[in-house]
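# Results of the structural survey
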Amino acid sequence: MNEMIDLHNHYAQLHKNNFYDNILFSYQWWFLVLITVGLWITWAYFVDKQRLNIIILTGLFTSITALVLDDIGISMALWIYPYYVVPFSSVQYPIDLGIIPVFYMLLYQYFRQWKSYLAILTLVTLFAAFVVEPLFVKSGIYILLNWEHWYSATGYLTMGIIVKGLVDKISGKYLGES
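Now for a quick tour of the structure. These figures come from a predicted structure and were not determined experimentally. (Residues numbered from 1 in each chain as written. Predicted model: local features only at pLDDT ≥ 70, side-chain atom pairs only at ≥ 80, totals over all residues. Heavy atoms only, no water.)

Another point: the overall build of the protein chain. Scanning the protein chain from terminus to terminus reveals six helices and two strands. For the protein chain, the N- to C-terminal ordering of α and β elements is α-α-α-β-α-α-β-α. Classification of the 178 residues of the protein chain by burial places 36% in the buried group. Within the protein chain, contacts between residues separated by at least 24 positions form 75% of all contacts whose residues are at least 6 apart in sequence. About 10,600 Å² of surface is accessible on the protein chain, with carbon and sulfur atoms providing 70% of the total. Charge-centre separation for the protein chain: the mean point of 9 positive side chains lies 17 Å from the mean point of 11 negative side chains. (Helix = DSSP H or I, 4+ residues; strand = E, 2+ residues; numbered from the N terminus. Buried < 20%, exposed > 50% of the residue type's maximum accessible area, 1.4 Å probe, protein only. Contact = heavy atoms within 4.5 Å. Areas by Shrake-Rupley, 256 points an atom, 1.4 Å probe, with all protein chains shown as cover. Lys, Arg positive; Asp, Glu negative; His and termini not counted. Charge placed at Lys NZ, Arg CZ, Asp CG, Glu CD.)

All right, on to unusual backbone geometry then. At Phe25, a residue that is not glycine, the phi angle is positive and equals roughly 70 degrees. Its location among the elements puts Phe25 in the loop between helix 1 (2-23) and helix 2 (27-46). A residue is classified by how much of its surface remains accessible, and Phe25, at 53% relative accessible area, is exposed.

Of all hydrophobic cores here, the largest spans 37 residues; its most connected members are Trp43, Ile55, Ile100, Tyr104 and Phe136. Secondary-structure elements contributing two or more residues to this core are helix 1, helix 2, helix 3 (52-75), helix 4 (93-110), helix 5 (114-138) and helix 6 (149-174). Counting residues per element, this core draws most heavily on helix 4, at nine residues. Apart from residues no more than four positions distant in its own chain, Ile55 is found in contact with Trp43, Val47, Asp48, Met105, Tyr108 and Gln109. (Core = buried A, V, L, I, M, F, W, Y, C linked by side-chain atoms within 4.5 Å.)

Take the packing of aromatic side chains next. The final tally for this structure, using the stated rule, is 13 aromatic pairs. On the basis of an interplanar angle of 20 degrees and a centroid distance of 5.9 Å, the ring pair of Phe19 and Tyr84 is categorised as stacked. Separated by 65 residues along the polypeptide, Phe19 in helix 1 and Tyr84 in the loop between strand 1 (79-80) and helix 4 bring together distant segments of the chain. Here Tyr45 and Phe46 contribute two aromatic rings whose centre-to-centre distance is 4.9 Å and whose plane-to-plane angle is 90 degrees, an arrangement assigned as edge-to-face. A relative accessible area of 42% means that Phe46 is categorised as partly exposed. By way of ring pairs, the aromatic residues Trp79, Trp147, Trp150 and Tyr151 are connected into one cluster. It is Lys164 that lies over the ring of Trp114; its NZ or CZ is 5.1 Å from the centre. (Phe/Tyr/Trp six-rings, centres within 6.5 Å; stacked < 30°, edge-to-face > 60°. Lys NZ or Arg CZ within 6 Å of the ring centre and 35° of its normal.)

It is worth spelling out the environment of Val47 at this point. With respect to the helices and strands, the residue Val47 is situated in the loop between helix 2 and helix 3. In sequence terms Val47 and Asp70 are 23 residues apart; their C-alpha atoms lie 26 Å from each other. The residues touching Val47, leaving out its near neighbours within four places in the chain, are Leu52, Ile55 and Gln109.

Counted at 1.5 Å a residue, the expected span for helix 3 with its 24 residues is 34 Å, and the 34 Å between its end C-alpha atoms agrees. Three or more residues of helix 3 are buried, namely Ile54, Ile55, Leu57, Thr58, Gly59, Thr62, Ser63, Ala66, Asp70 and Gly73. Residue Ala77 follows helix 3 closely and has a positive phi angle near 55 degrees. (Expected span 1.5 Å × (residues − 1).)

Following both chains from N to C, one finds helix 3 and helix 4 inclined at 140 degrees, their axes separated by 8 Å at the closest point. Remark: the crossing between helix 3 and helix 4 carries right-handed chirality. Between helix 3 and helix 4, the residues in contact are Ile54, Ile55, Ile56, Thr58, Gly59, Thr62, Ser63, Ala66, Leu67 and Asp70 and Tyr93, Asp96, Leu97, Ile100, Pro101, Tyr104, Met105, Tyr108 and Gln109, respectively. Partitioned by chemical class, the residues of the contact of helix 3 with helix 4 number 12 nonpolar, five polar and two charged. (Axes fitted to C-alpha atoms, helices over the stretch in contact; angles between N-to-C directions. Left-handed = near helix turned anticlockwise from the far one by under 90°. Nonpolar A, V, L, I, M, F, W, Y, C, P; charged D, E, K, R; others polar.)

Written out as structure tokens, the structure reads:
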């Protein structure tokens, strides 16, 4: 056990040093910061203020899901993020707390009917998994170790279906929305 603690402490120090020496203020770091801020500003402009509670619930569910799945994926050495915004975590907060919730919230807001929601969700899923993810790989922000892009596509689609079903049920039961 002492060896594991020593290795963990050594890794934590390397992680922190890498952040300050190689990541902070790199173009990848700036990109992640700007995309996060830009998406949240865009969301604040376009969000339906009348349905804000239920839309935020959608974001909360997708963020929590993304954070948990990201932590599992990193822990199981399925992928890594060589560039991150904060020095104390390997999780990609701009993706889990920015890109993913904003897109799912906008989808939920603008596509209330299942048929249109599923069609757009499928298009966004394909774009995210087969265009955006490869660009993140090419830029060095994301490295696939034991993972394939189509696994992500399955996850994005499944998450979108489950979250919409859950939020629809909650909104109908407790908020009287249909």
